[in-house]
Amino acid sequence: MHLAFVRTRSQSGLSALPVTVEIHMSSGLPAFQVVGMSDAASREIRSRVRSAIVSSHLKWPDYNIAVNLAPTDHPKQGAGFDLPIAIGLLLASGQLPSEAAKDREFLGELGLDGAIRPARGALAATLATTTDQRDLCVAREGAPQLAAVTGSRIIAATDLLTLCAALKEPEPALTRAAHIPMTQPSYPDLSQIRGQSSLSRALELAAAGGHHLLMTGPPGVGKTLSASVLAGLLPPLDPATQEELWLLRDLAGLPPTHHPEFRAPHHSSSIAALIGGTARATPGEISMAHGGVLFLDELTEFPRAVLNQLRQPLESGEICVSRAEHQHRYPARFQLVAAMNPCPCGFAGSDDQHCHCTPDRIWRYRQGVSGPLLDRIDLHITLSKPASSQLLSHRQEQDASNPVRERVARARFTQQARQGCPNRDLAGDGLLDACALSSATRTWFSEVLEKMKLSVRSAHRRLRVARTIADMNESEGVTREHIYAALSYREMPDGAAGTRY
Ligand SMILES: [Zn+2]
């Protein structure tokens, strides 16, 4: 037989798209061509596959060999095609029986010595082959973790020759599942926030409704601490988000986790590192924060281009990363926590130090934050240094986060049952339905809006927060008291872009 077909997978975002390696051998001048991918990638694959076969003491077929990766319009990247191509050559040249590739897929990089190395996107390929009820042949390294996917059938080998020997068996041994070590992030407890009860309350509120949060305050008031405390208040990830995050972390070579992540990229990070991209279309920090907290400290220091890129994921919960002519979609549903100083020197409104910034400078400083981004942030809070007497007060109970975490989980459960999403994502009629205002409250709120000259967007932000306050109080409808409490979270002062009173 001089024709062979071998199944493999190509990574695109979090999916593993099916690819068939077609091998055709004909007599004529010996040659080896791989089509369906870039010239450079094809050259590399050819030299690895040829060396691996020869070093494994298998016979190199002296034919005119054409290899096609179908369908041709799928993105094809990485070295995972080495193994399926080598297997195809061995099948087509009769060195492997035709049943060897039946109901099986292959994914792996080959070393020049014939060693099989793990390929990127192996977890996604495992999930896909499990759904399709096929075996997946991969490198021994990392295979037990893949075998932990329920229902998966993984055949692993350290090198090409060992795999060929296994494939000649009627029933090759399957890899046994390993216990997967989960990372267990430890976040600071709420009790570490001393003497700032309104801050603690705001963090609970942000966690309960999933609201994006902007903290303004002088340096050293604990903005970073507050953001990481918030990550620790979030409920565990739901199964779907957990699986997406597992796939994302697999692409970055990280172990899976049950818990919301806390990511705090520096403002000097590149767009690719933050948003995703680079030559391999890898997910960025915003995707690694999927289901967790993305903390942007010194928000005004981030380049405007970066902040503008956040708008798409804030709206749709995913990001599109382009590479060559292909686009990769990665989930990026994160809770944004941003922090900034009130002015360039940081001490506007502070009792400790005098601020020398001119109103014009302060205005320009705040203009640095884009309006559309602020529009998505429901909660704006101003932090000030707690009095030293409060800092020296008796230590509060050590596990202050625990009861709050329970209340947050209850509120999230209520929101999921009522509208299928956290309050942060409520908009338009859905928001009004969820708030179930009485006609008297509605009339009163319209008058308040009129008096305070609040824009519709601003009004909706307050309503979302009021809905969460009502949820924390286990109230079915939103009342005047809840709206009052929501109005106390004043938005960025006058002059800030996008803030309309
Ligand atoms: Zn200042």
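Please read all numbers here as calculations on a predicted model, not as lab measurements. (Residues numbered from 1 in each chain as written. Predicted model: local features only at pLDDT ≥ 70, side-chain atom pairs only at ≥ 80, totals over all residues. Heavy atoms only, no water.)

Let us look at the coordination of the zinc ion. Where a metal carries four tetrahedral donors, each ideal angle is 109.5 degrees; where it carries six octahedral donors, the ideal angles are 90 or 180 degrees. Distances from the zinc ion to its protein donors, Cys343 (SG), Cys345 (SG), Cys355 (SG) and Cys357 (SG), fall at 2.2 to 2.4 Å. Coordination at the zinc ion is tetrahedral, judged from the 4 donor atoms that bind it and the angles of 105 to 114 degrees they form at the metal. All donors of the zinc ion belong to a single chain; written as a sequence motif, their spacing is C-x1-C-x9-C-x1-C. Placement of the pair is Cys345 in the loop between strand E17 (335-340) and helix H13 (359-367) and Cys355 in the loop between E17 and H13, with a sequence separation of 10 residues. (Donors = N, O, S within 2.8 Å, 3.2 Å for Na, K, Ca; no water. Tetrahedral: all angles 85-135°; square planar, octahedral: opposite > 155°, others 65-115°. Helix = DSSP H or I, 4+ residues; strand = E, 2+ residues; numbered from the N terminus.)

For the rest of this paragraph, the subject is the layout of surface pockets. If you add up the space inside the second largest pocket, you get close to 690 Å³. Among the elements of the structure, helix H6 (197-209), strand E10 (213-216) and strand E18 (379-382) are those that each provide at least two residues to the lining of the second largest pocket. If one sorts the elements of the lining of the second largest pocket by residue count, H6 sits on top with 4 residues. When grouped by side-chain class, the residues that make up the lining of the second largest pocket number 14 nonpolar, 13 polar and 6 charged. (1 Å grid on protein atoms, 1.4 Å probe; cavity = no way out; pocket = protein on both sides within 12 Å on 5 of 7 lines; lining within 4 Å. Points joined across faces, edges and corners; volume = space filled by probe spheres on them. Nonpolar A, V, L, I, M, F, W, Y, C, P; charged D, E, K, R; others polar.)

Our focus in this paragraph is the domain arrangement of the chain. Here the chain is partitioned into domain 1 (3-168) and domain 2 (190-408). One C-alpha centre belongs to domain 1, the other to domain 2; they are set 42 Å apart. Contacts between the two partners involve 15 residues from domain 1, matched on the other side by 19 residues from domain 2. The three residues of domain 1 that bury the most area against domain 2 are Leu14, Arg120 and Leu123, which together make up 49% of that side's buried surface. Taken together, the links from domain 1 to domain 2 amount to 0 salt bridges. Put simply, domain 1 and domain 2 have 3 residue pairs in polar contact (both at pLDDT 80 or more) between them. Mapped onto the side of domain 1 that touches domain 2, the elements with two or more residues apiece are strand E1 (3-12) and helix H3 (122-131). With 4 residues, the top contributor of residues to the side of domain 1 that touches domain 2 is H3. (Domains from an automatic or database assignment. Contact = heavy atoms within 4.5 Å. Buried area = accessible area lost by both parts, 1.4 Å probe. Salt bridge = Lys/Arg side-chain N within 4 Å of Asp/Glu carboxyl O. Polar contact = N/O pair within 3.5 Å; in protein donor to acceptor, adjacent residues only side chain to side chain.)

On to unusual backbone geometry, then. Of the consecutive residues Ala70 and Pro71, the connecting peptide bond is found in the cis state with omega at -5 degrees. Turning to its location among the elements, Pro71 is positioned in the loop between strand E4 (64-70) and helix H2 (82-92). Of note, the phi angle at His57 is positive, near 60 degrees, even though the residue is not glycine. Relative to the helices and strands, His57 resides in the loop between helix H1 (39-55) and E4. Positive phi, close to 45 degrees, is recorded for Ala436, a residue that is not glycine.

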